[in-house]
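Secondary and tertiary structure notes
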Amino acid sequence: MAQPEYLRIAADPRRRISSGEFGPGDRIPTIPALCEYYRVSETTIRNAISLLRNEGMLETRARAGTLVRPQPPVHRMAADRYRVAAGAKSTPYTRDQGIGWSEYRLDKRFEKVRADAELASLFECEPGERLLARHFVFYDNDVPTQMSTSYVRWTDVAGTPVADPINEPWPGGTRAQLGSLGINVTRITESFTSAMPNEVEAATLRIGAGVPVLRYTRRHIADTGRIVEVAHPIVRRGDTTVVDFVIDLDN
């Protein structure tokens, strides 16, 4: 089956952007100029540009035309990012991003909810248990790079500073918050999947519909074996995230 013409056209600027021939901020030729260069219709060119916008390679600005979009840096999620440095103003997120506290901003919204069947399974609790849902959008120098919904048990946090969004962001992150309540977290589990973004994820993270996202579920587990926090899901753009694992083997 013949490849659609717009896919063939899109492959050329994609290659030139990837090779560095077109750099971040460079303006690509106008639609009439591209029609003449490739000898195709305006519809074909518009479809090719739309595809490259969805892939996050191009952006269109009023009065500036269509430009090569700057590519965000790759960030590594280190295996030891949940280790808390005593007294340090940092969180696993700031360590992942390699940013200081002043470069970190967090949008937050809290609400009380009841555990549905999925959350009850993740918490290993009864459906209907009261939870505090904490909706976050994480910013690195005003660029949104992560979003999540974190759930904690209402019986653990009711009437404490952890239940008040004014105290976010909290140095040390969730593990430090729970520690302030006398809950000693000794295990964290994560499970990862990847997919294309939904409309809310694409809009919140300011990415094209063709940029994949990494979604993962995290659970904080206390020394008693009780699951005390579930983040489901945490979402990051997948094309700039590397997850590092360290596996120690007994000889």
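Preceding this paragraph is the structure being described.
Since the model is a prediction, treat every value here as computed from it, not as a measurement.

Basis of the calculations
Think of each chain on its own: its residues are numbered from 1, step by step along the sequence as written. For a predicted model such as this one, the threshold for reporting local features is a pLDDT of at least 70, and the threshold for listing and counting side-chain atom pairs is 80 or more; totals across whole chains, interfaces and linings nevertheless cover every residue. As a rule here, side-chain values come from all non-hydrogen atoms in the structure, and water together with hydrogens is ignored. Each helix is a run of DSSP H or I of at least 4 residues and each strand a run of E of at least 2, with the numbering of both proceeding from the N terminus. Exposed residues in this analysis have more than 50% of their type's maximum accessible area, buried residues have under 20%, and partly exposed residues fall in between, with area computed by a 1.4 Å probe over protein chains only. Throughout, a residue-residue contact means that at least one pair of heavy atoms, one from each residue, lies within 4.5 Å. Areas reported as accessible are Shrake-Rupley estimates using a 1.4 Å probe. Residue values count occlusion only from the protein chains shown. The charged-residue count follows a simple rule in which Lys and Arg add positive charge and Asp and Glu add negative charge, with His and chain termini not counted at all. Throughout, a charge is located at the NZ atom of Lys, the CZ atom of Arg, the CG atom of Asp or the CD atom of Glu. When DSSP finds at least two bridges between two strands, those strands are taken to pair. What counts as a salt bridge is simple: a side-chain nitrogen of Lys or Arg found within 4 Å of a carboxyl oxygen of Asp or Glu. Fitting a line to C-alpha atoms yields each axis, with helices limited to the stretch in contact; the angle taken between N-to-C directions then spans 0 to 180 degrees. Roughly parallel here means an angle under 35 degrees, roughly antiparallel means over 145, roughly perpendicular means 65 to 115, and every remaining angle is called oblique. Handedness of a crossing follows from how the near helix is turned relative to the far one, being left-handed for an anticlockwise turn of less than a right angle and right-handed for a clockwise one. Residues were grouped as follows: Ala, Val, Leu, Ile, Met, Phe, Trp, Tyr, Cys and Pro as nonpolar; Asp, Glu, Lys and Arg as charged; and all remaining residues, including Gly, as polar. Counted as a polar contact is a pair of N or O atoms within 3.5 Å, where, for protein atoms, one must be capable of donating a hydrogen and the other of accepting one, and residues adjacent in sequence contribute only when both atoms are in side chains.

All right, on to the overall build of the chain then. Along the backbone of the chain there are eight helices and 10 strands. Counting only C-alpha atoms and orienting by the principal axes, one finds that the chain spans roughly 70 × 50 × 35 Å. For the chain, the residues scored as buried account for 44% of the 251 residues in total. Considering only residue pairs separated by 6 or more positions, the chain has 60% of its internal contacts joining residues 24 or more positions apart. Carbon together with sulfur atoms contributes 51% to the accessible area of the chain, which is approximately 13900 Å² in total. One finds the centroid of the 33 positive side-chain charges in the chain at a distance of 3 Å from the centroid of its 32 negative side-chain charges.

A few words now on the pairing of strand 5 (residues 130–140). A large share of strand 5 lies buried, amounting to 10 of its 11 residues. Note that strand 4 (residues 104–114) and strand 5 share 11 bridges and pair antiparallel. Of the residues in strand 5, the one forming a bridge with R114 is R130. Alignment of strand 5 against strand 6 (residues 143–153), held across 10 bridges, turns out to be antiparallel. Looking at the pairing, F138 lines up with Q146 of strand 6. Here strand 5 folds back onto strand 6, and the loop between the two strands holds two residues, one of which, N141, carries a positive phi near 50°.

Looking now at the environment of W101. Among the secondary structure elements, W101 is positioned in the loop between helix 4 (92–97) and strand 4. Spatially, the C-alpha atom of W101 lies 6.2 Å from that of K89, the residues being 12 residues apart in sequence. Leave out the neighbours within four places in its chain, and W101 touches K89, S90, T91, T94, P169, W170 and P171.

Glancing now at the pattern of salt bridges. Counted under the stated rule, the structure contains 19 salt bridges. A salt bridge links R14 to E55; its shortest N-O distance comes to 3.0 Å. Of the two residues, R14 sits in helix 1 (residues 5–18) while E55 sits in the loop between helix 3 (42–54) and strand 1 (58–61), which places them 41 residues apart along the sequence. With a relative accessible area of 24%, R14 lands in the partly exposed category. For E55, a relative accessible area of 24% puts it in the partly exposed group. With its nearest N and O atoms 3.7 Å apart, the salt bridge here joins R109 to E111.

What follows covers the packing of helix 1 against helix 3. Two quantities define a packed helix pair, namely the angle between the helix axes and the distance between the axes. With their axes 8 Å apart at the nearest point, helix 1 and helix 3 run at an angle of 55° to one another. Between helix 1 and helix 3, the angle is such that the two are oblique. Crossing geometry of helix 1 relative to helix 3 is assigned as right-handed. Residues E5, Y6, L7, I9, A10, P13 and R14 of helix 1 form the contact with helix 3, whose own contacting residues are T44, I45, N47, A48, L51 and L52. For the contact of helix 1 with helix 3, the residue count by class is nine nonpolar, two polar and two charged.

Taking strand neighbours across the sheet as the criterion, the six strands line up as 4-5-6-9-8-7 in an open arrangement whose pairing is antiparallel. This sheet does not close on itself; its edge strands, each paired only once, are strand 4 and strand 7 (185–195). Each strand axis lies, on average, 15° off the axis of its neighbour in the sheet, ignoring direction. As defined by bridge partners, strand 6 adjoins strand 9 (residues 227–237) across six bridges and the pair is classed as antiparallel. Within the sheet, the bridge partner assigned to V152 lies in strand 9 and is E229.

For D156, the location among the structural elements is in helix 6 (residues 154–157). The class of D156 is buried, set by a relative accessible area of 18%. Among the polar contacts made by the side chain of D156, one reaches the side chain of R226 at a distance of 3.1 Å.

Attention shifts here to the packing of helix 2 (residues 31–38) against helix 3. It is the contact of helix 2 with helix 3, at a shortest axis distance of 9 Å, that shows an interaxial angle of 110°. Between helix 2 and helix 3, the angle is such that the two are roughly perpendicular. From helix 2, I31, L34, C35 and Y38 reach across to helix 3, where they touch E42, I45, R46 and I49. Here the residues of the contact of helix 2 with helix 3 are counted per class, giving six nonpolar, no polar and two charged.

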